[in-house]
Amino acid sequence: RAEKLEVFWLDDSGTPFGDMPTLSAWLAARGKQLAFAMNAGIFQGGSPFKPRGLLVSEGKILNKIDLDDNDERGKKGNFYDKPNGIYWVHSGIAHIDESGAYNKLQQAPDLATQSGPLLVVNRKLRDGIDRMRASRYSRNGVCIDSNGQTKFAITQDAVTLAEFGVFMRDGLKCTSALYLDGCGSILHSAELRRSDLGDCIRGSTLAKAGAMIGVAIDVQPAVPEGKP
């Protein structure tokens, strides 16, 4: 099957969707059913709804690439644990490239999202993954297998980055894999009848998602009662 992957971030008023039920309801009002979606990456601290790094939707750059080594507070975090990377799609073909290498390509993708760290590079776990943060969270990510197929994954249990990378490489047989997020990982799956609000508490507030990536399909509008 070939399915159109889309990026979702802001509604018509410029308000971030923030969670899956809100996005699903917005699409339903427009004759679409959200078949699948998950959060598309890491958002900026202090601006919980703004994506960190490159975000491209329908060929339009919504947020610029970030090649810095630290965030605005001088902290690394997962996003800046180099090499980080970009998942991007052009003419139906998906890629995952290290951010600096992608920037040199001067591509004009149809869709792109930047995150970090890279977990699998050229069929190998990225260097130093065993020495990375040993914290455990529910995590999600995206990878590409040897057939060029994109695979998304989200964990049910809390895992380390290394454990997640091993699953991407050995369980999903992916040649490249990019981490998307940890505490803020959420999923919508019509097949699983799951649509997450999220369960990550930051401070005393339920964390909302930044951008989301997924597949929405056209559905027939309801026929008004009394009309054929």
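In the block above lies the structure referred to throughout.
All figures in this text were calculated on a predicted structure; none of them were measured in a lab.

What counts, and at which threshold
- Chains are numbered independently. Their residues run from 1 in the order of the written sequence.
- Since the coordinates come from a predicted model, pLDDT governs what is reported: local features require at least 70, and pairs of side-chain atoms require 80 or more to be given and counted, while whole-chain, interface and lining totals use all residues.
- To obtain the side-chain values, all non-hydrogen atoms of the structure were included, while hydrogens and water were left out.
- Centres within 6.5 Å make a pair out of two Phe, Tyr or Trp rings, where for Trp the six-membered ring is used; the pair is then stacked when the planes are under 30 degrees apart, edge-to-face when over 60, and tilted otherwise.
- Each helix corresponds to a stretch of at least 4 residues labelled H or I by DSSP, and each strand to a stretch of at least 2 residues labelled E; elements are numbered beginning at the N terminus.
- The cut-offs for exposure are 20% and 50% of the maximum accessible area for each residue type, with area from a 1.4 Å probe on protein chains only; residues under the lower value are buried, those over the upper are exposed, and the others partly exposed.
- Here, nonpolar core means buried Ala, Val, Leu, Ile, Met, Phe, Trp, Tyr and Cys residues that are tied together by side-chain atoms lying within 4.5 Å of each other.
- Contact between two residues is taken to exist if any of their heavy atoms lie within 4.5 Å; hydrogens are not considered.
- Both cavities and pockets are sets of points on a 1 Å grid over the protein atoms alone; in a cavity a 1.4 Å probe fits but cannot get out, in a pocket the set is open with protein on both sides within 12 Å along at least five of seven lines, and lining residues sit with an atom within 4 Å of a point.
- Grid points are joined across faces, edges and corners, and a volume is the space filled by probe spheres set on the points.
- Gly is placed with the polar residues, together with every amino acid not listed as nonpolar (Ala, Val, Leu, Ile, Met, Phe, Trp, Tyr, Cys and Pro) or charged (Asp, Glu, Lys and Arg).
- Salt bridges are defined by distance alone: a side-chain nitrogen of Lys or Arg within 4 Å of a carboxyl oxygen of Asp or Glu.
- Polar contact is defined as a pair of N or O atoms within 3.5 Å, subject to the rule that within protein one atom must be able to donate a hydrogen and the other to accept it, and that residues adjacent in sequence are counted only when both atoms are side-chain atoms.
- Strands pair, by our definition, only if DSSP identifies at least two bridges between them.
- Fitted lines through C-alpha atoms give the axes, limited to the stretch in contact for helices. The angle between two N-to-C directions lies from 0 to 180 degrees.

A. Quick look at the packing of aromatic side chains. Per the counting criterion, the structure on display carries 5 aromatic pairs. Between Phe36 and Phe152 the ring centres are 5.2 Å apart and the planes differ by 45 degrees, which places this aromatic pair in the tilted class. Of this pair, Phe36 sits in strand β2 (residues 32–39) while Phe152 sits in strand β13 (residues 150–154), placing them 116 residues apart in sequence. For Phe152, a relative accessible area of 22% gives the class partly exposed.

B. Representation of the nonpolar core. By size, the foremost hydrophobic cluster in this structure holds 18 residues, and its most contacted members are Tyr87, Ile96, Leu111, Leu178, Ala211 and Ile213. Listing elements by their share of this core, those giving two or more residues are β7 (85–90), β8 (93–98), β12 (140–145) and β14 (174–181). Apart from the residues within four sequence positions on either side, Ala211 is in contact with Val7, Phe8, Trp9, Asn39, Ala40, Gly41, Pro51 and Leu55. Met132, Met168, Leu172 and Cys174 belong to the second-largest nonpolar core, a separate cluster that totals 15 residues.

C. Examining the side chain of Thr160 more closely. Structurally, Thr160 is set in the loop between β13 and α3 (161–171). Not counting residues up to four positions away in its chain, the partners in contact with Thr160 are Ala134, Ser135, Arg136 and Arg139.

D. Layout of empty space enclosed by the protein. Inspection of the entire model under this criterion finds 2 cavities of 30 Å³ or more. Considering the residues around the largest cavity, the lining is formed by Ala40, Gly41, Ile42, Pro51, Arg52, Leu54, Leu55, Thr113, Gln114, Gly210 and Ala211. Per-class residue counts for the lining of the largest cavity are 6 nonpolar, 4 polar and 1 charged.

E. Structural context of the pattern of salt bridges. Under the criterion given, the structure shown has 10 salt bridges. Between Asp218 and Lys32 there is a salt bridge, with its nearest N and O atoms 2.9 Å apart. Residue Asp218 is found in strand β19 (residues 212–218), and its partner Lys32 is found in strand β2; the two are separated by 186 residues along the sequence. A residue is classified by how much of its surface remains accessible, and Asp218, at 61% relative accessible area, is exposed.

F. Representation of the side chain of Asp196 within the structure. Residue placement: Asp196 occurs in the loop between β16 (194–195) and β17 (201–202). In this structure Asp196 comes out as buried when scored by relative accessible area, which is 15%. A distance of 2.9 Å separates a polar side-chain atom of Asp196 from the backbone nitrogen of Leu187. Dropping the residues within four chain positions of it, Asp196 is found in contact with Asp19, Met20, Pro21, Ile186 and Leu187.

G. Up close: the sheet that holds strand β5 (residues 55–57). The 5 strands are arranged β6-β5-β9-β7-β8 in an open sheet whose pairing can be described as antiparallel. The sheet is open, and its two edges are formed by β6 (60–63) and β8, each paired on a single side. Sheet twist, expressed as the mean angle between neighbouring strand axes with direction ignored, is 20 degrees. Pairing geometry for β5 and β6, over 3 bridges, is antiparallel. Each residue of the ladder has a partner; that of Val56, found in β6, is Ile61.

H. Examining the layout of surface pockets more closely. Each pocket or cavity is described by its volume, and for the largest pocket that value is around 1200 Å³. The wall of the largest pocket is formed by 37 residues, among which Glu3, Leu5, Thr150, Phe152 and Val215 lie closest to the centre. If you list the elements that add at least two residues to the lining of the largest pocket, you get β1 (6–8), β2, β5, β7, β8, β13, α3 and β15 (187–189). Examining the composition of the lining of the largest pocket, we find that 5 residues originate from one element, β13, more than from any other. Partitioning the lining of the largest pocket into residue classes produces 20 nonpolar, 8 polar and 9 charged.

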